[in-house]
Every structure is written in structure tokens, then in C-alpha cells.
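Below, each chain spelled out in residue letters.
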2 protein chains.
Amino acid sequence: MKEIRDIALALWGGSSPCKCGGGHEVCLNCKVCRAGIPDRIASDGSDLSSLIDATILKADAVTTDIDQLCITALEYNCASVCVNSIFLPRVKATLCPPVKTCTVINFPLGAASPEAVKTEAQTVCDLGADEVDMVHSISSILDRHVDTAYEVVAGVTDVCVGHGALLKVIIETCYLNREQIIISCLIAKKAGADFVKTSTGFGNAGATAENIALMRATVGGKLGVKASGGIRTREQAIQMVAAGANRIGASNVLMLLS
Amino acid sequence: MKEIRDIALALWGGSSPCKCGGGHEVCLNCKVCRAGIPDRIASDGSDLSSLIDATILKADAVTTDIDQLCITALEYNCASVCVNSIFLPRVKATLCPPVKTCTVINFPLGAASPEAVKTEAQTVCDLGADEVDMVHSISSILDRHVDTAYEVVAGVTDVCVGHGALLKVIIETCYLNREQIIISCLIAKKAGADFVKTSTGFGNAGATAENIALMRATVGGKLGVKASGGIRTREQAIQMVAAGANRIGASNVLMLLS
């Protein structure tokens, strides 16, 4: 944690965290820093479906919406179906490999207490979630409470590792500046997350290629980067993958595959 | 529960639940049904502040926002300060009687599993919440899963009663028709809630006087009714109280009191 605190201090003090030592403010266009960005998709997007988390998280979703989403995800072999946890048992019972069951916690405000987030993680893992998308503690990042932000992610990591569940940490980039996005990614990586993810889809903006590239440059090649929020076309999805994303969250899967 | 299921069936089948037996579709203008609506506020709104839950729930709130809210609530003797649970320990340590500490759970989507909502209730009560505002299980109401909706509230009631905490159930009226609002209120009342509340402030509409009157007519005079979402002027607040509300949620307290 001292390393992250030092980086945070340096960033908030105005210095650069560029891993290549080249003194860039961020590493968007630095070959050294961007080494390891996955290039897992054909240039025509032909294998796009396997990167998609088919997602419905709106408050007024009903069972028929969720069932249709599962059918589509199974038909196209999507990576997962991502739903709120009230639908988790139904989705778990509906899906079969290779499509995973994904849910969200601390969602969408990222403002629950560390204790509440950890118990929510335990509950959804007990219900059978294969993947957990949690929102970073947004106020902790804005307040520069690095230790609290770390504590929230680390608590969930403990639970997910125990259940073999994959953990994605949602940065909610729309509320953060570039330095805060970098710090958020470093905290998530240090705390043991498997992915960082741009957006909940409930903030005032979604994924951008620029933020994907920034997040990929920050976490390196081994962690996943998920683009989500406002991705409605095939072109947008391919652009996100080109920028460094290896997972896409989308509610209208057919629009991305058509 | 059979009683509520029968009412739900009658409603969804097109009959009327009017308590006076007068055959109204709803009881907005029925003196019998509206008996017991509290009239706890002076006509000039001079004691409005004691009905206000001073509220900040936005994702990008920071500590200084919360501290300022507490100062205002203490200065004007508001009913409570309502925050996301990450701020709960700070607010609890800052406030003193008569201002209560309030937080939200299953918020704002109303879509967590019953197990997750109950454990979240336990966590926030352990952290010292005096009042808990929970979102009703919206999809369960839309899907007509009356038993699940009841289970979610009843689980939280158990926890709140054990801690002496007051429970408000947020109906999130913007996603529901009049029959669904009535059923939601009856479920909340049957499950032991202390208040029903109109809105999270994150849906596509907030409180209306019509919905307040409908909710008051449904729950009777003993339960509380809280108006929340989009209440930004003194006139709006007084209108809500006149329609039957005895608690007001507002983020800009000074606007309501000026």
C-alpha cells in the first residue's frame, strides 16, 4: 500500500507515474507502457460475442427480460450474463458453460460501507455468482482515502478467491479525473481484482476509448479491462477492444453482433 | 398474506380495494378512507424542519458535503440526516438528539436478493443506523411475486425491530401504476414497516401529491408516509404534507426552509 500511497501523493502533487520512466503525464501513447495490451479479437470483430457480458441492470427489469437475455447469451456464447442479484438464482439455473453467471455489488453508487460490501459479496458468492462486478468506493477516491478504498476491494477479493469467482472493479470514470482513474486502477490491482471496468451505466457518462487505454496502460497486460456504459454499436465495441478492452458490457447484444 | 394476495388479485383483475366500501377506484377524495391523515404542520409551514430528512445520496458525495449536511440538520433540528452507509459512522459520531442517523439499503435499484438485503440491514444496524430507508423489491412487484416482495421487507423488519431502528420502505412509484403502488404499500404495512416512501430520487420521477394521497389512503393514519425525490421548494413540501406526508426527504434543506 505504501507504493500506491506514494504514487497517489506524486500524482496529486503533480508528478508522473509513467512506468517507462519517460515522464509522460499518462502513458496513452507510450509503447513501453502499453506493452501487453491484448489483441484478442479479429479485426472484423468476428469473435466479439465471446467478450460480451450480456447485461440487464435497470430497476424495472422483469423475469421475461432476464430469460430473453439468457437465451441470447447462450445462443451466441457470450462471456456471461450480468444481472442484479435478485435474478441470480434464476440465471444460474438457466445458463450452462461456457456462459458464466455475473452479478453486481455496491452498485451503482459505490457508497456502501466496507462491511456491507463484503457481506454482499459473501451472499452473492453463496448464491452461485461466477463473476462479481463491484463498484469502487467512489467517495473514498474523491476524498483521497486510499486505505478505505483498498479495504473495500480487498474484502471482496478475499470472498471471491474463496469461491473461485472472478472480480471486476468498476472505476466509474465519469466522476473521476485522470489521476483518480489511475489511482483507482492501481488500488484494484493491488487488492487482487481480476478486471478493472469503466462504468456502471448509471453515471453521467460511459466508456470512452481514451479511458480504456489509460486503464490498460495502468494495469498492464495481465489484468482484464472491461468497457461498459453506452456501448450500443459494433463499431464502438471494436473501438474499445482496439483501445485495450478484453470484455464488453452491453444490454443489447444483438446490436453489437449485427 | 392471503389477504394481500386476494387484494392483489382483485386489483389486477380490475376490482376496487377502497376501504370505505364506496367502490372508488382509489380513495383520494374519500373522507372515510382518508381519516387519520396527520395534520402535523402549521399552515404556514413554520415547523417544517422537524419533518425533514436532510439527504445526500449521490455517488460523488464527499466528506465535506456530509459534514455540511449534518451542521444544517443540527441547526434546524431536522428529523434525520440520510446518507449512504459509507458515511454512516461519521454521521453517527457527528449528530446528537433529536436528529437521527438514517441510511439506505437495497438502494437505489431495489434489485438485490432477499438474503443480500437482510445482511445489508444487519450491517447498517450494527453500524448504528437509527432509521433505515430500504427500496421495495421493484421487479417482484412488477412480476407479481407478492411473496418475494413481502419476504424482502419482512427480513429487514426483523433486523430493524431487534435494533430499535425505524424502517421506511421506498415504493419507487415512478415505475408502478396505481394498483402496483397500493399493493406495494399493503405489503410494506403487513411486513411491519413504519413508513412508506415515494421515491429514491434516482428513478425517472419523484414524489407527487397524488401518489402521497394514494399511499396515505392505503396505509391509514398510523403508518408514516415520506415524500422524496424532486422536492426543492417550500411550496412543494407544504403541498406534500397537505396530501398526507409526515416526512420529507430533501437534499437542499435551506431551500425548503427559506
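Criteria and cut-off values
- Residues numbered from 1 in each chain as written.
- Chains lettered and ligands numbered in written order.
- Predicted model: local features only at pLDDT ≥ 70, side-chain atom pairs only at ≥ 80, totals over all residues.
- Heavy atoms only, no water.
- Helix = DSSP H or I, 4+ residues; strand = E, 2+ residues; numbered from the N terminus.
- Buried < 20%, exposed > 50% of the residue type's maximum accessible area, 1.4 Å probe, protein only.
- Areas by Shrake-Rupley, 256 points an atom, 1.4 Å probe, with all protein chains shown as cover.
- Contact = heavy atoms within 4.5 Å.
- Buried area = accessible area lost by both parts, 1.4 Å probe.
- Salt bridge = Lys/Arg side-chain N within 4 Å of Asp/Glu carboxyl O.
- Polar contact = N/O pair within 3.5 Å; in protein donor to acceptor, adjacent residues only side chain to side chain.
- Nonpolar A, V, L, I, M, F, W, Y, C, P; charged D, E, K, R; others polar.
- Least-squares fit on C-alpha atoms with pLDDT ≥ 70 in both.
- pLDDT = per-residue confidence, 0-100.
- 1 Å grid on protein atoms, 1.4 Å probe; cavity = no way out; pocket = protein on both sides within 12 Å on 5 of 7 lines; lining within 4 Å.
- Points joined across faces, edges and corners; volume = space filled by probe spheres on them.
- Expected span 1.5 Å × (residues − 1).
- Pairing = 2+ DSSP bridges.
- Axes fitted to C-alpha atoms, helices over the stretch in contact; angles between N-to-C directions.
- Phe/Tyr/Trp six-rings, centres within 6.5 Å; stacked < 30°, edge-to-face > 60°.
- Right-handed = clockwise from strand over helix to strand, strands pointing away.

### Some words on the overall build of chain A
When helices and strands are counted, chain A shows 11 helices and 8 strands. Every one of the 258 residues in chain A was classed for burial, and the buried ones make up 59%. With the model as given, the accessible surface of chain A reaches about 9800 Å², and the carbon-plus-sulfur share is 50%.

### A word on the interface of chain B and chain A
The partner chain A presents 32 residues to the 33 residues of chain B that form the contact. Counting each side, the surface lost to burial between chain B and chain A is near 2600 Å², with a carbon and sulfur contribution of 67%. Interface area lost by chain B to chain A is led by Ala59, Ile86 and Leu109 of chain B, which between them contribute 26%. Between chain B and chain A we count 0 salt bridges in total. Run the count over chain B and chain A and you get 8 residue pairs in polar contact (both at pLDDT 80 or more). Of all the secondary-structure elements, those providing two or more residues to the side of chain B that touches chain A are helix 5 (114-126) and helix 6 (138-142) of chain B. Of the residues forming the side of chain B that touches chain A, the biggest block, 6 residues, is contributed by helix 5 of chain B. Here the side of chain B that touches chain A is composed, by residue class, of 18 nonpolar, 11 polar and 4 charged.

### A closer look at the relation of the copies chain B and chain A
Each of the two copies of the chain can be brought onto the other by a rotation about an axis and a shift along it. After a rotation of 180 degrees and a shift along the axis of 0.0 Å, chain B superposes on chain A with an RMSD of 0.0 Å. The superposition of one copy onto the other is thereby described by a two-fold rotation axis. Taken as a fraction of all interface residues of chain B, those also at the interface in chain A reach 97%, which identifies the copy contact as same-surface.

### Remarks on the confidence of the model for chain A
Residues and elements named next belong to chain A. Confidence in the prediction of chain A, expressed as mean pLDDT, is 89, and 86% of residues score 70 or more. With pLDDT under 50 throughout, residues 23-29 is counted as low confidence; its partners more than four residues away or in other chains account for 21 contacts. Below a pLDDT of 50 lies the segment residues 33-40, which in the model reaches 22 contacts outside its immediate sequence neighbourhood of four places, other chains included. In the predicted assembly, ipTM is 0.86 and pTM is 0.87.

### Topic: the pattern of salt bridges
All names here are of chain A. A complete count under the given rule lists 24 salt bridges over all chains for this structure. Residue Arg247 pairs with Glu131 through a salt bridge whose shortest N-O separation is 2.9 Å. Here Glu131 lies in strand 4 (residues 131-135) and Arg247 lies in strand 8 (residues 247-250), a separation of 116 residues in the sequence. The class of Arg247 is buried, set by a relative accessible area of 9%.

### Concerning empty space enclosed by the protein
Scanning the model with the defined rule gives 1 cavity of 30 Å³ or more in all. Volume-wise, the largest cavity comes out at about 270 Å³. Phe107 and Glu120 of chain A together with Asn106, Phe107 and Glu120 of chain B are the residues nearest the centre of the largest cavity, which is lined by 23 residues in total. Going through the elements one at a time, strand 3 (100-105) of chain A together with strand 3 (100-105) of chain B are the ones with two or more residues in the lining of the largest cavity. Split by residue class, the lining of the largest cavity holds 13 nonpolar, 8 polar and 2 charged.

### Considerations on unusual backbone geometry
Trans peptide bonds make up the majority, and among non-glycine residues the majority have a negative phi. Following Pro97 of chain A, the chain continues to Pro98 of chain A via a peptide bond in cis, the omega torsion being 10 degrees. Among the secondary structure elements, Pro98 of chain A is positioned in the loop between helix 4 (88-94) and strand 3. Residue Pro108 of chain B follows Phe107 of chain B across a cis peptide bond; omega there is -5 degrees. Here Pro108 of chain B is to be found in the loop between strand 3 and helix 5. Unusually for a residue other than glycine, Asn106 of chain A sits at a positive phi of about 50 degrees. The residue Asn106 of chain A is located in the loop between strand 3 and helix 5 (114-126) in this model. The exposure class of Asn106 of chain A is buried, given its relative accessible area of 5%.

### Describing helix 3 (residues 63-76) of chain A
Residues and elements named next belong to chain A. When the terminal C-alpha atoms of helix 3 are compared, their 20 Å separation across 14 residues agrees well with the 20 Å that a helix rising 1.5 Å per residue should span. Regarding helix 3, the residues found buried are Thr63, Ile66, Leu69, Cys70, Thr72 and Ala73. Next to the buried residues of helix 3 lie strand 1 (52-56), strand 2 (80-83), helix 4 and helix 11 (253-257). Once helix 3 ends, the next one or two residues include Asn77, with phi positive near 55 degrees.

### So, the sheet that holds strand 4 of chain A
Residue and element names in this part refer to chain A. Around the barrel, 8 strands lie side by side as 1-2-3-4-5-6-7-8; this closed barrel has parallel pairing. Direction aside, neighbouring strands of the sheet carry axes that sit 25 degrees apart on average. Summarising the sheet, strand 2 and strand 3 pair through 4 bridges and their orientation is parallel. The partner of Ser80 across the bridge, within strand 3, is Lys100. On the sheet, helix 7 (residues 146-163) packs against strand 3, strand 4 and strand 5 (166-170) and is oriented at approximately 160 degrees with respect to strand 5.

### Some details on the packing of aromatic side chains
All names here are of chain A. Inspection of every chain in the model, using the stated rule, returns 2 aromatic pairs over all chains. Ring centres of Phe107 and Phe202 lie 5.5 Å apart, and the angle between their planes is 90 degrees; this geometry places the pair in the edge-to-face category. Here Phe202 lies in the loop between strand 6 (195-197) and helix 9 (209-219) and Phe107 lies in the loop between strand 3 and helix 5, a separation of 95 residues in the sequence. By relative accessible area, which is 36% here, Phe202 ends up partly exposed.

### Here we look at the pairing of strand 3 of chain B
Residues and elements named next belong to chain B. Counting buried residues in strand 3 gives 5 out of 6 residues, a clear majority hidden from the surface. Running through helix 4 (residues 88-94), the crossover from strand 2 (residues 80-83) to the neighbouring parallel element strand 3 is right-handed. In this region the chain leaves strand 3, passes through helix 5 and returns to the parallel neighbour strand 4 (residues 131-135); the handedness of that crossover is right-handed.

### Topic: helix 9 of chain A
Given 3.6 residues to a turn, an α-helix orients residues that are three or four positions apart in the same direction. All names here are of chain A. When you tally the buried positions in helix 9, you get 9 out of 11 residues, the bulk of the element. For helix 9, the set of buried residues is Asn211, Ile212, Ala213, Leu214, Met215, Arg216, Ala217, Thr218 and Val219. Note on helix 9: the residue one or two positions beyond its end, Gly220, has a positive phi of about 85 degrees.

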